[in-house]
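# Topology and contacts: notes
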Amino acid sequence: MTRFLARRLLWFVLTVWAVVTLSFFLMRSVRGGPFSAERALHPAIEHNLEARYHLDWPQWKQYLQYVGPLNLGQGGFRFVGGDGSDPFGGVLACDLGPSYRYRDFTVNEILAQSLPVSLTLGALALAWALVIGLTAGVASALLRGSALDVLVRLTATLGIALPNFVLAGLLIVGLCFATGWLPPAGWGRLEHLVLPSFVLGAPFAAYIARLTRSGVLDVLSQDYVRTAVAKGLPPRIVVTRHVLRGALLPVISYLGPAAAGVLTGSLVVEKIFAIPGTGTHFVNSALNRDYTLAMGVTLLYTVLVYTLNLLVDVAYTLLDPRIALDEA
């Protein structure tokens, strides 16, 4: 376990460095800048803004300033202490810099406000996916060849093929405009969570249903399950104690990519339903060329996805003791 975690930590550092470096230079390779607009600023004003945010520096110096941990400027982004400047800054000092568009906020403050919203949406989407996917998959496997099995497989295929923005449009028309049962957009009340979380979790529910069905069918053919049935154990006990433990291993493996998909998929869903989450800020930062906010969200997604995949690997060994992390 110790060797596995140390190896993962080393790869985590290399991954974060690669993401920071690539996102930094790719953002600045695009034509235009954070202060470009249809109505051009006065050259003196634009020069002062670039000087304030150190955009008039060479790119290598901007990169070192962004990575940190030392603040290369005189009186950098944050002013603390009696001498008026903070000697530390950048990613290594957990300071993602100021936002170029939301000029009264730093990237840290924006992420602190929006991340709980996105995490709430993502957690509910995964809950929808697990509840619907596991239930449908187990029922489909136990009733193999029945009408329910055919319906589950067809619905799962449709759920995988149908983009979430199309599903969102259909549900908004049917459940919001036609019936008025749910609000079409917004955030703050419980009913605002239902549609976006379901839309975000539906494709993953389809994948989980297919994985669960395949896993259950595979385990049902194992000798130890047949032995449990031959002993006269009730079907509920056979399924819950013997079948599900082995059948859930593919689902547990899929939770890492599913969590990553929920994070990246929330970009579209949050924009459609006007949810003030991290995904909305990421889309706006790309459109507005807000360098620091776009790189901050990218870095945050990288850390979250890497951490979730690590937790999935650890959980996998708890379900199947035959797997040793040090050998992975």
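Just so you know, these numbers come straight off a predicted model, no measurement behind them.

Moving on to the overall build of the protein. Counting its secondary structure elements, the protein contains 12 helices and 0 strands. Start at the N end of the protein and walk to the C end: the helices and strands fall as α-α-α-α-α-α-α-α-α-α-α-α. Sequence-distant contacts, at least 24 apart, represent 68% of the contacts inside the protein between residues at least 6 apart.

To continue, consider the confidence of the model for the protein. Of all residues in the protein, 87% attain a pLDDT of 70 or more, and the chain-wide mean is 81. Confidence scores differ between elements of the protein, with helix α2 (residues 43-52) showing the lowest mean pLDDT of 72 and helix α5 (residues 147-161) the highest of 91. Confidence drops under pLDDT 50 across residues 75-84; counting only partners more than four residues distant or on other chains, this segment forms 18 contacts.

Once that is clear, we can look at the pattern of salt bridges. Applying the stated criterion across every chain, the model contains 3 salt bridges. The shortest N-O distance in the salt bridge between R213 and D149 comes to 2.9 Å. Within this pair, whereas R213 is found in helix α7 (residues 191-220), its partner D149 is found in helix α5, the two being separated by 64 residues in sequence. Comparing R213 with D149, the two get one shared label, buried. Put simply, E191 and R189 hold a salt bridge, and the shortest N to O gap is 2.6 Å. The class of R189 is partly exposed, set by a relative accessible area of 48%. Counted as one network, the salt bridges with shared partners bring together D149, R153 and R213.

On the surface, L124, W128, V131, I132 and V194 cluster together into a nonpolar patch covering about 380 Å² of accessible area. Note on placement: W128 falls in helix α4 (residues 107-142).

Calculation rules
Residues numbered from 1 in each chain as written. Predicted model: local features only at pLDDT ≥ 70, side-chain atom pairs only at ≥ 80, totals over all residues. Heavy atoms only, no water. Helix = DSSP H or I, 4+ residues; strand = E, 2+ residues; numbered from the N terminus. Contact = heavy atoms within 4.5 Å. pLDDT = per-residue confidence, 0-100. Salt bridge = Lys/Arg side-chain N within 4 Å of Asp/Glu carboxyl O. Buried < 20%, exposed > 50% of the residue type's maximum accessible area, 1.4 Å probe, protein only. Patch = residues over 30% accessible without salt bridge, like charges linked within 9 Å, V, L, I, M, F, W, Y side chains within 5 Å. Areas by Shrake-Rupley, 256 points an atom, 1.4 Å probe, with all protein chains shown as cover.

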